[in-house]
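Examining the three-dimensional arrangement
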Amino acid sequence: MHWASWEKLCFPSEEGGLGFRSFRDMSRAFAAKLWWRFRSGDSIWAEFMHAKYSSGCHPLEASSGRPSRTWRRLEAIRGVVEPKIRWCIGEGLVDFWKDRWALDNPLEEVVVGAEHPHFLVSEFLTRDGWDEARLAQWVPDSVIGVIRDIPFEVSQKDRLVWVPSSSGLFSVNSAWEFLRQRRCPSLVDSLLGQPALPAKMVFLAWRLVRKFIPLDVVLKSRGVMIPSRCGCCYGEEEDLLHVFVTGPIASQVWTRVSRRFGFQMRNCSTMASVFIAWFLSSDTSSKNHIRVIVPIVVCWFFWRARNQERFQGGRWEVNRIIWDVENFIEQLGRANKLKGFHFKGDEDCEWRRLVSGPARRSSPRAIAWEKPPCGVFKLNTDASVINGRAMGGGLVRNYQGKLIFAFYKEFGEHGVLEAECLALLEGLQLCLQRGLVPSLVEVDSKVLVHLVVSGAVAKWPLCNSLRKVRRFLEGFPATISHVFREANGPADRLAAVGATGSHVFEEGSYLPASVRSAIVLDSLGVPGVRWLSEDG
């Protein structure tokens, strides 16, 4: 008997599927990879395809009277994939009007009502920067302001950036996630995917929610006419709710199991409502909580008891089912599947003792800002995002801990990582304007330090800001390193000022009192306390 079509299964578990990927979605994802390789132009195959199909025109406009099967795949996917591609400018061999290198839309869509002759971005580059006089002939001042801040490296090749990926690099997985069919997420389905449980239990729970289970009444509803008798009471038909919720055996089991957690399951008219009732039975329960795991386990042993009675001549017994559930939870503990977060808010639960491994030990450490060597300046920056509003701040100090200058700036709507990078970039630019060379740069974002040092592409538009940061650090030269927040106190407090616009403080007396006090504590070497795990 076919319970569900393949199309219904090809969704993530939280959207009601079983996590399979449809052949159509995967085919489109691999077609997107072909288009990415074609646009990259860094292979013999890409050069051949460019020469055959897009010589003398933009790839988006290329066509052929007798296209190959591969080119037909590229034509079918290019309109969907190309809007997710951005360009980091190097030598500038990028179409000025049709490629997305300055804004999220091509300039031909932004500058409407004007001629769009073919230009390469390189035609607007000079040794000293952008040719703003020539740009003014073709684009408005608002666009020039954006282009002016875009870095370029004529000694490097132009690089593609894949927007759906956090790293900026293309991957089939990110393409599939972007291109796949979607359904609205379901609360009950998001509860069923428990990594601590065997797949067979999770699959059974998924089937129960959808009545994809071969009980007598369910089979009758699908046209299989058979006599029906419930094996737990021999008095009613074998119905889904009767077997798993309201029957005499099931109701006793639920009462005894739920008593462990101090609640009583009531008014559950569907299997979905059973799982949701357990999830909502505590304010502290999460989607991977023990209160979500237990009902799935209980349903599994109901199903096993039913099959043993039907096919092996066994009998339903409340005590036996309870023992099976408890024994299985014990096995999960011995298999190191239970963790502390499974019991958040239920630390007094008897099963909490099954959490494996020693408690994570941590100890307090004194963390202090370190003064730079004599004659060296140190720049510290930080950022914060409050209600989607990004702001950042920083300060430069000398070897005595004396303030040289500090700054604060509001950046608008950005993520935390972008705000951290913009704050660092602002600090480096202000140093350059004042003729200062900050040989040491410290931030409290490990991710940002890794991106800067590794030379990774990063996502759009962070990749452009990273290029500027690297250029500044190489030009000074300066080294960047990560510090804990306790050693970045003044910058952290500057970033949280919450003012509008931008401010530069040449003297400490103009700074907020909290920032001034943090600077004094740093200059005196007073440490902050941070709890660190003993393994480092």
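Cut-off values and rules
- Residues numbered from 1 in each chain as written.
- Predicted model: local features only at pLDDT ≥ 70, side-chain atom pairs only at ≥ 80, totals over all residues.
- Heavy atoms only, no water.
- Pairing = 2+ DSSP bridges.
- Helix = DSSP H or I, 4+ residues; strand = E, 2+ residues; numbered from the N terminus.
- Axes fitted to C-alpha atoms, helices over the stretch in contact; angles between N-to-C directions.
- Contact = heavy atoms within 4.5 Å.
- 1 Å grid on protein atoms, 1.4 Å probe; cavity = no way out; pocket = protein on both sides within 12 Å on 5 of 7 lines; lining within 4 Å.
- Points joined across faces, edges and corners; volume = space filled by probe spheres on them.
- Nonpolar A, V, L, I, M, F, W, Y, C, P; charged D, E, K, R; others polar.
- Buried < 20%, exposed > 50% of the residue type's maximum accessible area, 1.4 Å probe, protein only.
- Left-handed = near helix turned anticlockwise from the far one by under 90°.
- Phe/Tyr/Trp six-rings, centres within 6.5 Å; stacked < 30°, edge-to-face > 60°.
- Lys NZ or Arg CZ within 6 Å of the ring centre and 35° of its normal.
- Salt bridge = Lys/Arg side-chain N within 4 Å of Asp/Glu carboxyl O.

1. Observations concerning the sheet that holds strand β6 (residues 378–386)
Strand pairing in a sheet relies on backbone hydrogen bonds, with the paired strands running either antiparallel or parallel. As summarised here, the arrangement of the six strands in space is β10-β9-β6-β7-β8-β11, forming an open sheet in which the pairing is mixed. Because the sheet does not close on itself, it has two edges, and the strands there are β10 (479–482) and β11 (502–505). Neighbour to neighbour, the strand axes of the sheet diverge by 15° on average, direction disregarded. Bridging between β6 and strand β9 (residues 440–443) involves three bridges; their strand directions are parallel. Paired with lysine 378 across the two strands is leucine 440, which belongs to β9. Docked against the sheet, helix α17 (residues 416–433) engages β6, β7 (389–397), β8 (403–413), β9, β10 and β11, running at close to 145° with respect to β6. Packing against the sheet, helix α18 (residues 446–454) makes contact with β9 and β10, and its axis sits at approximately 150° to β10.

2. What to know about the layout of surface pockets
Using a probe with the size of a water molecule, rolled over the atoms, empty space left in the structure can be pinpointed. There is about 840 Å³ of room inside the largest pocket. Lining the largest pocket we find 34 residues, and of these Arg39, Ser40, His50, Trp87 and Leu93 sit closest to its centre. Contributions of two or more residues to the lining of the largest pocket are made by α2 (23–40), α3 (44–53) and β4 (159–162). Sorting elements by how many residues they give to the lining of the largest pocket places α2 first, with four residues. Of the residues contributing to the lining of the largest pocket, the split by class is 12 nonpolar, 10 polar and 12 charged.

3. Description of the environment of proline 527
With respect to the helices, strands and loops of the structure, proline 527 is situated in the loop between α21 (513–523) and β12 (528–533). Residue class for proline 527 comes out partly exposed when judged on its relative accessible area of 42%. Separated by 160 residues in sequence, proline 527 and isoleucine 367 place their C-alpha atoms 5.1 Å apart.

4. Quick notes on the packing of α17 against helix α19 (residues 462–475)
Between α17 and α19, the least distance of the axes is 10 Å, while the angle of their chain directions is 35°. Our pair here, α17 against α19, has a crossing hand that is left-handed. Contacts from Leu417, Glu418, Cys421, Leu422, Leu424, Leu425, Leu428, Gln429 and Leu432 of α17 reach α19 at Leu462, Ser465, Leu466, Lys468, Val469, Phe472 and Leu473. Taken together, the residues of the contact of α17 with α19 sort by class into 12 nonpolar, two polar and two charged.

5. Digging into the pairing of β6
Burial within β6 is extensive, with seven of its nine residues counted as buried. Here β6 runs beside β7; their pairing, made up of nine bridges, is antiparallel. In the sheet register, serine 384 faces β7, and the bridge partner there is methionine 391. Between β6 and β7, which follow one another and run antiparallel, lie two residues, and asparagine 387 among them has a positive phi close to 55°.

6. Things to note about the packing of aromatic side chains
What the rule picks out here adds up to 29 aromatic pairs. Judged by centre distance (6.2 Å) and plane angle (65°), the rings of phenylalanine 301 and phenylalanine 328 are edge-to-face. Of this pair, phenylalanine 301 sits in helix α15 (residues 290–312) while phenylalanine 328 sits in helix α16 (residues 318–334), placing them 27 residues apart in sequence. Grouping residues by exposure puts phenylalanine 301 and phenylalanine 328 together as buried. Here the aromatic rings of phenylalanine 472 and phenylalanine 476 are separated by 6.2 Å at their centres, their planes lie at 20°, and the arrangement is stacked. Phenylalanine 476 shares its class with phenylalanine 472; the two are buried. Among the aromatic residues, those joined into a ring-pair cluster are Phe244, Trp254, Phe261, Phe263, Trp278, Phe302, Trp303, Trp316 and Trp351. Note that arginine 134 overlies the ring of phenylalanine 119, its terminal NZ or CZ placed 5.0 Å from the centroid.

7. Side note on the pattern of salt bridges
In total, this model carries 32 salt bridges according to the counting rule given. Across the pair arginine 39 and glutamate 82 runs a salt bridge whose closest N-O atoms are separated by 3.0 Å. Taken as a pair, arginine 39 in helix α2 and glutamate 82 in the loop between α4 (69–81) and β1 (85–88) lie far apart in primary sequence, 43 residues in all. By relative accessible area, which is 7% here, arginine 39 ends up buried. Look at glutamate 82 and you get buried, because its relative accessible area is 2%. The closest approach of N and O atoms between lysine 459 and glutamate 418, which form a salt bridge, is 3.3 Å. In this pair, lysine 459 is assigned in the loop between α18 and α19 and glutamate 418 in helix α17, connecting sequence segments 41 residues apart. Residue class for lysine 459 comes out partly exposed when judged on its relative accessible area of 29%. One network of salt bridges, with partners in common, ties together Glu15, Glu177, Arg180 and Arg182.

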